Amino acid sequence: NAGVTQTPKFQVLKTGQSMTLQCAQDMNHNSMYWYRQDPGMGLRLIYYSASEGTTDKGEVPNGYNVSRLNKREFSLRLESAAPSQTSVYFCASSELEGSSPLHFGNGTRLTVT
Amino acid sequence: QKEVEQNSGPLSVPEGAIASLNCTYSDRGSQSFFWYRQYSGKSPELIMSIYSNGDKEDGRFTAQLNKASQYVSLLIRDSQPSDSATYLCALRSNDYKLSFGAGTTVTVRA
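Residues numbered from 1 in each chain as written. Chains lettered and ligands numbered in written order. Predicted model: local features only at pLDDT ≥ 70, side-chain atom pairs only at ≥ 80, totals over all residues. Heavy atoms only, no water.

**A few points about the sheet that holds strand β7 (residues 61-66) of chain B**
Residues and elements named next belong to chain B. One open sheet accounts for five strands, arranged β1-β3-β8-β7-β6; its pairing is antiparallel. If you trace the sheet from one side to the other, it starts and ends with β1 (4-6) and β6 (54-58), each paired once. This sheet shows a mean twist of 20 degrees between the axes of neighbouring strands, independent of strand direction. (Pairing = 2+ DSSP bridges. Helix = DSSP H or I, 4+ residues; strand = E, 2+ residues; numbered from the N terminus. Axes fitted to C-alpha atoms, helices over the stretch in contact; angles between N-to-C directions.)

Structure representation (structure tokens):
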């Protein structure tokens, strides 16, 4: 049981390049999330998908797009990377019920030069 | 005002002491509250969840929730060097989003 799997683990981009961060979960969870974590800022929600077929903006959506490909997979795309997007990105999943905690992937460390 | 505020830290406690972590929140509609532990370079891992007013104990950890005061805390008893980490307070409101505080870094001195 792998839980939440994120790829890649590390990535370096030049300003203006694009890339897609992949996330898959095998826990049959309905909801999936993308967060970014910067020093001193905690975890900030970029986008989330409460259930298959729906996506919603979080706190910091600008510069990102998402796709809920199916119940298992939720990808995050940077169309034109900027140095301000240098961060650690975490994907997470949970059940739809409000009492359910998030289960996190191992993170992707992205550097934009 | 930030949605979730944690005491800024860092918090340094001697081994065997109690570490006390505090969190306040602004959304009275918040229903579920969580404490996560995050070691440096790792992903957050759930250590406690609490949904009702009062105390909830799990081993050396006790979570306390007071919805009237919009306050949730975490006590770590008999602190060990392995408890040295950043602790994140999180809450879920009615729209499925989980909001996190900035975290409090705890260092347990041997």
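**Some words on the pattern of salt bridges**
Any two side chains of opposite charge can pair, so long as their charged atoms come close to each other. In this structure the tally under the stated criterion is six salt bridges over all chains. The residue Arg37(B) makes a salt bridge to Glu45(B) at a minimum N-O spacing of 3.2 Å. Within this structure, Arg36(A), Asp38(A) and Arg44(A) form a network of salt bridges that share partners. (Salt bridge = Lys/Arg side-chain N within 4 Å of Asp/Glu carboxyl O.)

**Focus: the sheet that holds strand β8 (residues 74-78) of chain A**
Residues and elements named next belong to chain A. A sheet is described by the order of its strands in space; here four strands give the open sequence β1-β3-β8-β7, paired in antiparallel fashion. The two strands at the open ends of the sheet, each matched to only one other strand, are β1 (4-7) and β7 (64-68). Adjacent strand axes in the sheet meet at a mean angle of 15 degrees, parallel and antiparallel pairs treated alike. Across four bridges, the pairing between β1 and strand β3 (residues 19-25) is antiparallel. Following the sheet pairing, Gln6 is matched in β3 by Cys23.

**Here's the deal with the interface of chain A and chain B**
In this complex, chain A contributes 24 residues to the contact, which on the side of chain B involves 19 residues. Of the roughly 1600 Å² buried between chain A and chain B on both sides combined, carbon and sulfur atoms contribute 57%. The largest share of the area that chain A buries against chain B comes from Leu43(A), Pro101(A) and Phe104(A), three residues that together contribute 25% of it. Joining chain A to chain B, the criterion identifies zero salt bridges. On inspection of chain A and its partner chain B, the count reaches eight residue pairs in polar contact (both at pLDDT 80 or more). (Contact = heavy atoms within 4.5 Å. Buried area = accessible area lost by both parts, 1.4 Å probe. Polar contact = N/O pair within 3.5 Å; in protein donor to acceptor, adjacent residues only side chain to side chain.)

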